[in-house]
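Chains, contacts and geometry: an overview
Spelled out from the first residue to the last, the chains are:
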Amino acid sequence: MHRLKYVVIIMLMFPAGLAHSEEEELGFSFDVTYMSKLMDKGSEYYGQQSGIMETLSIDLWGTGFGLEAANRRANSSGYENRERFDYKVYYSDIIFEGERYVTKYKAYWKYKHFPDRPRDIGNSQEWKVDFSWPEILECGLVPSYAVYYGYPAGSNYGNRLSTYWYHLFELGYDLRTGALPKPLHLSANIAYRDGGSSSDHDWSHTTVGMSTDFELAESLGFVPGLYYQISMDDSVCERDVIYCVLSMKYKF
């Protein structure tokens, strides 16, 4: 019943977005991301092991709607039952253009599928909405806020206690330097976890990081990043974590 409701909402929204951009083409991109630690909402998803994520994205004719299919897995054995496929439908747009409080937002619904687990134990769903305000602060800092809501994929599932809310507050800043072709993006965030089968209701961690973007070819980009997570809640992560993220994205 819940899935039918989501499909109806998406179908009602889609024609409105499609109507104002009929001349656009479908856009495809493929992203491969390596993480020295695959962090998931503050948790070390594969313990001390690194992970890799592969994502195929489809931009639906410039309407703001899009689809994604992603796979995440560890780069070592022993975590096969934590390999995951994500299927996502999203919509993004800008409101209050021309105003100081111009707002960028993006909303998605995601289905998480674990192929090596029973469906009623692992599979779950997640909603996310994030907002950013690129012009509201004159100093160049960009504040953003994201809220997540996750819950089991079906009623009476074994993972029914894993329902959670997750809040992320962030500040970003693009530092321009002659040493790099693109700005160095600096970020700092703090997260609050509310619910979940094993997590406390508390501020869980704060993360500072930096990343930049290199255009290797007309349709090929490389984004390296370095991050330091200060863990504040042992039920989420018992140690501070330094990790790097290396992402290669091809548009076709």
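As the structure is a prediction and not an experimental result, all values here were calculated from the model. (Residues numbered from 1 in each chain as written. Predicted model: local features only at pLDDT ≥ 70, side-chain atom pairs only at ≥ 80, totals over all residues. Heavy atoms only, no water.)

Digging into the side chain of T212
Which entries qualify depends on this criterion: Secondary structure elements follow DSSP: runs of H or I of four or more residues count as helices, runs of E of two or more count as strands, with numbering from the N terminus. Exposure classes here rest on a 1.4 Å probe applied to the protein chains alone. A residue is buried below 20% of its type maximum, exposed above 50%, and partly exposed in between. Polar contact is defined as a pair of N or O atoms within 3.5 Å, subject to the rule that within protein one atom must be able to donate a hydrogen and the other to accept it, and that residues adjacent in sequence are counted only when both atoms are side-chain atoms. Whether two residues are in contact is decided by their heavy atoms, any of which lying within 4.5 Å being enough.
Summarising the element assignment, T212 is placed in the loop between β12 (202-211) and β13 (214-217). T212 gets classed as buried once you look at its relative accessible area, which sits at 9%. Engagement of the side chain of T212 in a polar contact is seen with the backbone oxygen of K182, the distance being 3.4 Å. Discounting chain neighbours no more than four positions away, the residues touching T212 are L180, K182, P183, L184, F222, V223 and P224.

Topic: the pairing of strand β15 (residues 241-251)
For the record, the criterion: Each pair of strands is called paired provided DSSP finds at least two bridges between the two strands.
Note: strand β1 (residues 27-35) against β15, seven bridges, orientation antiparallel. Note on β15: the bridge partner recorded for M35 is V245. Note: strand β14 (residues 220-231) against β15, 10 bridges, orientation antiparallel. Bridge pairing in β15 places P224 opposite L246.

Here's the deal with unusual backbone geometry
The phi dihedral of W61 is positive, around 60°, even though this residue is not glycine. Residue position: W61 is located in the loop between β4 (51-59) and β5 (65-74). Take W61: its relative accessible area is 30%, and that puts it in the partly exposed class. Despite not being glycine, F96 shows a phi value in the positive range, around 60°. Within the secondary structure, F96 is located in the loop between β6 (84-95) and β7 (103-113).

Observations concerning the pattern of salt bridges
The condition that has to hold: The salt bridge criterion pairs a side-chain nitrogen of Lys or Arg with a carboxyl oxygen of Asp or Glu, the two atoms within 4 Å.
Evaluation of the coordinates by the stated rule reveals 14 salt bridges. Between R73 and E54 there is a salt bridge, with its nearest N and O atoms 2.9 Å apart. With R73 in strand β5 and E54 in strand β4, the pair connects residues that are 19 residues apart, well separated along the chain. You can call R73 partly exposed: its relative accessible area is 30%.

Comments concerning the nonpolar core
Put simply, the test is: Only buried residues count toward a nonpolar core. Its members are Ala, Val, Leu, Ile, Met, Phe, Trp, Tyr and Cys residues joined through side-chain atoms within 4.5 Å.
Counting 13 residues, the largest nonpolar core has M35, L38, Y45, Y46, V241, Y243 and V245 as its most contacted members. Among the elements that make up this core, the one with the highest residue count is β15 (three residues). Excluding anything up to four places from it in sequence, Y45 contacts L38, D40, R72, R82, R84 and F114. Counting eight residues, the second-largest nonpolar core is a separate cluster that includes Y90, Y164, Y166 and A191.

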